[in-house]
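# Descriptive analysis of the structure
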Amino acid sequence: MKLLTHNILTSKCLKGVTVGYPLGIVAKEVKVNEVEFNPEFISRMIQKVDWPALCKAAENLGHLDNLPPAVVDDYENNEEFLKKAHHFLMEIEVINGDLICPETGRKFPVTDGIPNMLANEDEV
């Protein structure tokens with residue numbers, strides 16, 4: 001599961017959960033895989049990313065190094081910033097672990113890089 005994916009997931013579907021975001025991460029296995037850099041894609045995605053949640057996720061995984069604490073002005077034209085954002089959004093992957101609802105503590109497993117966000121019938 002890429003951190004880009006983590007950044008959009010929520011547990012709001014659970015009974016009694018009002019926000020369910022951002023999900024906590026407890027990683028058992030993390031990999032860094034090189035992915036081709038596409039500056040246009042990253043530039044478009046930055047507008048949609050919750051940057052503080054990305055920083056917290058990177059910190060939880062022990063990969064906070066070199067991640068700017070905020071989106072820089074004129075990021076669309078800042079290739080160095082876009083490359084750093086690309087690394088954190090696209091190259092750091094949780095292979096196995098759990099995502100945790102911040103309101104209920106409910107764990108959602110991540111297995112082979114795939115988050116299982118299915119809720120039980122009694123949870124919705």
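For the structure, check the block above.
What comes next is a walk through the structure. Everything numeric in this text was worked out from a predicted model, so none of it was measured.

Definitions and limits used
Residues numbered from 1 in each chain as written. Predicted model: local features only at pLDDT ≥ 70, side-chain atom pairs only at ≥ 80, totals over all residues. Heavy atoms only, no water. Salt bridge = Lys/Arg side-chain N within 4 Å of Asp/Glu carboxyl O. Helix = DSSP H or I, 4+ residues; strand = E, 2+ residues; numbered from the N terminus. Core = buried A, V, L, I, M, F, W, Y, C linked by side-chain atoms within 4.5 Å. Buried < 20%, exposed > 50% of the residue type's maximum accessible area, 1.4 Å probe, protein only. Contact = heavy atoms within 4.5 Å.

Once that is clear, we can look at the pattern of salt bridges. For the structure on display, the rule yields five salt bridges. Close ionic contact of D98 with K28 constitutes a salt bridge, the shortest N to O distance being 3.6 Å. Taken together, the positions of D98 in strand β2 (residues 92-100) and K28 in strand β1 (residues 24-32) put the pair 70 residues apart, joining distant regions of the chain. Between K84 and E80 there is a salt bridge, and its shortest N-O distance comes to 3.4 Å. Taken together, the positions of K84 and E80, both in helix α4 (residues 79-91) and four residues apart, correspond to about one turn of that helix.

Ranked by size, the top nonpolar core spans 33 residues in total, and within it L3, W51, L54, L89 and L99 carry the most contacts. Among the elements of the structure, α1 (3-8), α2 (39-46), α3 (51-60), α4, β2 and β3 (107-111) are those that each provide at least two residues to this core. Counting residues per element, this core draws most heavily on α4, at six residues. In contact with L3, not counting residues within four places along its chain, are I25, L54, A57, A58, L61, F88, L89 and I92.

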